[in-house]
Each structure stands twice: as C-alpha cells, then as structure tokens.
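# Residue-level structural notes
What follows is the residue order along each chain.
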Amino acid sequence: MTIHGLIQFILKTSEMILRPFRKDWQFILFMSILGALVPINYLLGNTGPFTGIAFYNCAFSSCMRSFAIAYIIAWFLQIKYLHCLKYPIIIVFSIITLLIFSAHLLYHINISPTLYSIISSTSLQEIKSYLKTLQWYYVLYFIIGLCLIIGIFFIVDTKVHSIHFNFKHNDVFVVPGAVIIIISFFFGIQKFKEVLISWKFSDYKAFVTWQFDRGFSWFMPRDVYSATALLFQELSFKSRLWESQIINDIHTPATTSYSDNDSINLIFVIGESYQRGHAALYGYTLPTTPNMNREKESGNLIPIHDATTVCPNTIGALSNMLSLNRVSDNESYDDFSFFPLLFHNAGWETFFCDHQYTPTSIFDNELYHLTNNPILTKYCWTAYIDNFQIKYDHLNLNTDWVQIDANTGMSPHRLIIYHLKGQHFYYKDQYPNTQQFTKFTYRDYRNRTEPWLDDKRRQTIAEYDNAVFYNDHIMKLLFDKYRTSTSVIVYVPDHGEEVYDYRNYYGRDMHPDSNFEQWIDCLMRIP
C-alpha cells in the first residue's frame, strides 16, 4: 500500500467512525447528558472523604460509559428500519433517568443494588399507596422536566442546522476527531467491561468479595446504563440466595423436645412499618393499643423494650428474621438455616400466610422468591397462602384460617407465620373507613405545636395512629383465635416509620440525618 493509499484509508476509516455524528450527534449528546445527570447529582451532594474518588469514578468514568453506550446505539440507528426508534429510546431513558435523579434528590437513594432491593420488595398496592403520598408539585416537576428534555431534544434534532457534521475526506478535523472518539469510546468500554466482568460470577459471595477487592471507590457506577447491568446481575444472584443452604437443610434431620401427645401452635406475626413510639403499650399518650394493653394487664403479654431491626427495609429485615444467623456476629443470613424448614423437618406443619406480596411477573420480588421459591414450596410449607388481592388484614385472616383448616393434617404441632399489611403508607388505605377504626382525627393533635405541623399533617399522623389501632384489632383476632389452645404468639414488625415525629417528613428516609438518635427511635427500634 502506497503512502497515498494509506492516507486515503485513514481518512475513509475516520469518516466511517464519525458517521453517527453526521446524522445523530444530537442523539449522542443527549444520551450522554442523560447518563451524566445521576453522577453529577451524586457528586454535588458528596462532600465526604470520597469526594475526589467520586469525581473520577462517578462523574468522569460514568460519563465516558454513557458516551460509549450512546455511540453504540447511534451506530445501530443508522440501520434503515431502526432509525425510527430514536425518539422512543430518548423518552424511555429520560423517564428512567428522571426517576433515579428524583430518588436521589428526594430520598438520598442512589442507583444501586439497594435501590433494586427496595423496589423489588414493594408490591403493586404499595406502589399505588406511595404515589398518593407524593405532593402534587413533585409530579408536576417530573412532568415538566420530562417535557423539557424531550422538547429540547426535538428542537435541537429538527431545528438546529448551524452545526452539521458533514465530514469530507479533506476536512482537517476528520482524523483528530476520529482519534478523540476512539480514545473516548475505548475508555468508556473499558470501564463498562469491568461491569460486564461481574457476570462471570455464579456465586453471590464471590461477586461481593470481588467488588470489595476492586475497592469500594470503584464500585459506585452512577450512570444509568452500567448500573442497570449490575441490577440485572443482582437479580440473577438474588434468585439463588439461600438456595444452596436450603438444599443442604432439606435432608437434615431435626428434632424438638416435646411429647407426641403435646399439642402446640407457634404463631409468628410479622408486622409492617410499626413505630414503637406510636404504641400506647410503650407509653404513647393516645390509646392506640387497648387490646394489647389488656393482655399485658392480665399477664398474657410481655412487651420487649430493647428490640431493634437490622435494616429499615422489608427484604433486609425479613431475610434475617427467617434465618438462624446472628447479625451482631456479622453472620450472613444465607449461610444459616431457614428456620421454618427445620420445623418442617422435625414433623411440624408449617404455614406461611402472606398478605402483602404478589406473584405476578411484573411485580415479582425478592421476598416472594425467598419464601415461595419452588424448593420451599415442595419441601418446607404445608401450605403457602397468598391473599394479596384482599384489601384488609382482618379479611385476609378469615381466608387464612379456612385454608389452614383445609390443609391441616395429623400433626399436633404447627408453625404459622402471618405477614401482615400493617401500617405501610398510604396509612388510611390500611384500615376500613368505618367509625370503629377512624378513631383519631387532626383535632386530637392540636396540642402539638411544632412549626412544621398544620392540620393536613396532623391528619396524616391521625391516619397512622388509626392504622396502629386497627393493627391492635388484628392482634385481638389472633389472640382470640388461639386463646383456647396451647399457643405462643410472637409479634415483630420489619421496621419502623417516621410520621412528622421530629421534623417535616413522613415515610422512611434510608439515610439518617443529623438527628441520628431520633432517626433510630423512629425506624430501627421496634415493638
């Protein structure tokens, strides 16, 4: 090849590399910006010791990954029948980016496996309830932001003709431009390759060990594209969590000390979003727990005052509740036995009555896989009772009892786990709107004069206390159901809740603020 031929080859190759920019530079620019929104937002809020590391890993390298992915997509859009997908892609990733950006801005939740865990352990009903809690202007801001992004892209894509990269062979910028693109592309792909390497692991612990060996500072992908790849990797791992330990336990014999003539029911009730500070049983000034108070006075109920959850979200709390691990000794729940399986191995009948989670393909979640995967269905549960479509806990209990009776065999020993809807927001959706259960209104909180409280917020507090009052009624139904039998009932919620207790906020902020003790009291200390 002559020197002239080599030069022509370089020019043609450079023009080919720059081809996506000639038609779709607007698309590449916007897709790169969408990928940069999340890391830039993270960087602005990061003032801790990892600020410098965060700039490199979260801003620079994440933006390079976003550019590389945008460039690859732009290449595919050059195909005739795929170019029509340009606007749908922009719309979809605009929605995803704004949702993640909003989650960080409002709740300090970054795109991560933790965010996946929270989303995946949330049912359709809880999502609907959560949407009702959003202030209308948040929704308005989201819609305006989405319209602005799409509108600006449309204007730039159709109206801006002053910047048109119609490269020719003799253009002085062709070769330098191609070199810059090649360097940027391969740097971005190199960073994204480290995300794809994680897919080689088939064992969750090996994956976790690898990520910490790489360094926590590296393992902070904030761009939408690489983080989404990691979330799918987490999904594949989560579906296998505990599986090997459960398989080992299936054929492990277990015994309990009792006479064959004894009959006992062990009832384990898992509550939801129950803050101890709103229970009269623990000193709250309003009568939210009259039934439990009566049981305590009669000597039938013992309140525990030093119980603490391990995690302020459902999947983190329940996976440790159902394991024999000790969190205080840094033991992982999936290394220890799933305790209901041991009861089943010892000859007990075991029932799981789930009032919350839906097994639909769209809203399937980690906890459903954890408690109702095919192995447990076959070897652990006498019956798994899923009544998520029934709105209230007292109606769920009626269905539970019918199905328990229908599946009860000859064993006189039963472990029954109830997973209640509890006090999850939207609070007024958790109890019937009847005079019996709408006990409190905003008028009962006029004595509270904190500056952030108005009658609307006081009514929210009242609705939460009504949910606590209704939960007390559910416990009365359970007490009465098993009162004439030899039964032990244990109640513990997954985590607490914050309801304008010490600041202008309700729900669950996953990260403590400067009022650390109050945050602990609301979310981590449980009845």
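Scroll up to find the structure.
Our subject in this report is the structure included herewith.

What counts and how
- Residues numbered from 1 in each chain as written.
- Predicted model: local features only at pLDDT ≥ 70, side-chain atom pairs only at ≥ 80, totals over all residues.
- Heavy atoms only, no water.
- Helix = DSSP H or I, 4+ residues; strand = E, 2+ residues; numbered from the N terminus.
- Buried < 20%, exposed > 50% of the residue type's maximum accessible area, 1.4 Å probe, protein only.
- Areas by Shrake-Rupley, 256 points an atom, 1.4 Å probe, with all protein chains shown as cover.
- Contact = heavy atoms within 4.5 Å.
- Patch = residues over 30% accessible without salt bridge, like charges linked within 9 Å, V, L, I, M, F, W, Y side chains within 5 Å.
- Salt bridge = Lys/Arg side-chain N within 4 Å of Asp/Glu carboxyl O.
- Pairing = 2+ DSSP bridges.
- Core = buried A, V, L, I, M, F, W, Y, C linked by side-chain atoms within 4.5 Å.
- Axes fitted to C-alpha atoms, helices over the stretch in contact; angles between N-to-C directions.
- Parallel < 35°, antiparallel > 145°, perpendicular 65-115°, else oblique.
- Left-handed = near helix turned anticlockwise from the far one by under 90°.
- Nonpolar A, V, L, I, M, F, W, Y, C, P; charged D, E, K, R; others polar.
- Phe/Tyr/Trp six-rings, centres within 6.5 Å; stacked < 30°, edge-to-face > 60°.
- Arc of directions from axis to C-beta.

Secondary structure summary: the chain contains 19 helices and 7 strands in total. Looking at the chain as a whole, 51% of its 527 residues are labelled buried. Total accessible area on the chain stands at roughly 25,700 Å², and carbon and sulfur atoms take up 63% of it.

Another aspect to go through is the environment of T460. Its place among the elements puts T460 in helix α18 (residues 455–482). As for T460 and Y442, which are separated by 18 residues in sequence, their C-alpha atoms are 7.8 Å apart. Setting aside residues up to four positions removed in sequence, T460 forms contacts with Y427, V499, Y500 and Y506.

It is worth spelling out a nonpolar patch on the surface at this point. Residues L140, Y141, I144, L148 and I152 make up a contiguous nonpolar surface patch of roughly 480 Å² in combined accessible area. Within the secondary structure, L148 is located in helix α7 (residues 136–159).

Take the pattern of salt bridges next. Scanning all chains against the criterion turns up 13 salt bridges. In this structure, the salt-bridge partner of R483 is E295, at a minimum N-O distance of 2.7 Å. Highlighted residues: R483 in the loop between α18 and β5 (487–493) and E295 in helix α12 (residues 290–297), separated in sequence by 188 residues. Its relative accessible area of 11% is what places E295 among the buried residues. Taking the shortest distance from any N to any O, the salt bridge between D329 and R326 comes out at 2.9 Å. On the accessibility criterion, D329 (43% relative accessible area) is partly exposed.

Here we take up the pairing of strand β3 (residues 383–386). Neither face of β3 is left uncovered, since the one carrying A383 and I385 and the one carrying Y384 and D386 both have all their residues buried. In the sheet, strand β2 (residues 349–354) pairs with β3 via 4 bridges, with the strands oriented parallel. Considered in β3, the bridge of F352 is made with Y384.

A few words on the nonpolar core. Grouped together as the largest cluster of nonpolar side chains are 44 residues, with contacts concentrated most on V269, I404, I416, Y418 and L478. For this core, the secondary structure elements donating two or more residues are β1 (264–271), β2, β3, α17 (393–407), β4 (413–419) and α18. Sorting elements by how many residues they give to this core places α18 first, with 12 residues. Contacts of I404, omitting those with residues within four sequence positions, involve F351, C353, I385, I416 and Y418.

To continue, consider the packing of α17 against α18. As a packed pair, α17 and α18 sit with axes 10 Å apart at the nearest point and diverge in direction by 25°. The angle between α17 and α18 places the two elements in the roughly parallel class. Relative to α18, the crossing made by α17 is right-handed. Contacts from D393, H394, L397 and W401 in α17 reach Y470, I474, L477, L478, K481 and Y482 in α18. Along the lines of polarity and charge, the residues of the contact of α17 with α18 split into 7 nonpolar, 1 polar and 2 charged.

It helps to recall that an α-helix has 3.6 residues per turn; residues three or four apart then point in one direction. Within helix α13 (residues 314–321), 8 of the 8 residues are buried, which leaves it mostly tucked inside the rest of the structure. Taken together, the buried positions of α13 are occupied by T314, I315, G316, A317, L318, S319, N320 and M321.

The subject of this paragraph is the sheet that holds β4. Across the sheet, 5 strands lie side by side as β3-β2-β4-β1-β5; this open sheet has parallel pairing. At either margin of the open sheet sits one strand with a lone partner, and together these are β3 and β5. Looking at each pair of strands side by side, their axes are set apart by 10° on average, direction ignored. Note that β1 and β5 share 7 bridges and pair parallel. Paired with V269 across the two strands is Y491, which belongs to β5. The sheet contacts of α13 involve β1, β4 and β5, and relative to β1 the element is tilted by about 160°. Strands in contact with α18 are β1, β4 and β5; relative to β5, the strand with the most contacts, it is inclined by about 165°.

Let us now look at the environment of R446. Along the chain, R446 falls in the loop between β4 and α18. Separated by 12 residues in the primary sequence, R446 and R458 have C-alpha atoms spaced 7.8 Å apart. Discounting chain neighbours no more than four positions away, the residues touching R446 are D455 and R458.

Let us now look at the packing of aromatic side chains. Following the criterion strictly, the structure yields 16 aromatic pairs and no others. With a centroid separation of 6.3 Å and 55° between ring planes, the pair formed by Y87 and F154 is classed as tilted. Taken together, the positions of Y87 in helix α4 (residues 86–107) and F154 in helix α7 put the pair 67 residues apart, joining distant regions of the chain. The partly exposed category is assigned to F154, whose relative accessible area is 44%. Every member of this aromatic cluster is reached through a ring pair, and the members are F30, Y87, F153 and F154.

This part covers the packing of α12 against α18. Running from amino to carboxyl end, α12 crosses α18 at an angle of 50°, the nearest separation of the two axes being 7 Å. With respect to α18, the axis of α12 lies oblique. Contacts between α12 and α18 involve P290, N291, M292 and E295 on the former and, on the latter, F469, D472, H473, M475, K476 and F479. In terms of residue class, the contact of α12 with α18 is built from 5 nonpolar, 2 polar and 3 charged.

It is worth spelling out α12 at this point. Every buried residue of α12 is listed here: N291, M292 and E295. When α12 is viewed along its axis, its buried side chains cluster within an angular range of 95° and face the same direction. Close packing links the buried residues of α12 with α18. Where α12 terminates, the next one or two residues include G299, which has phi positive at roughly 85°.

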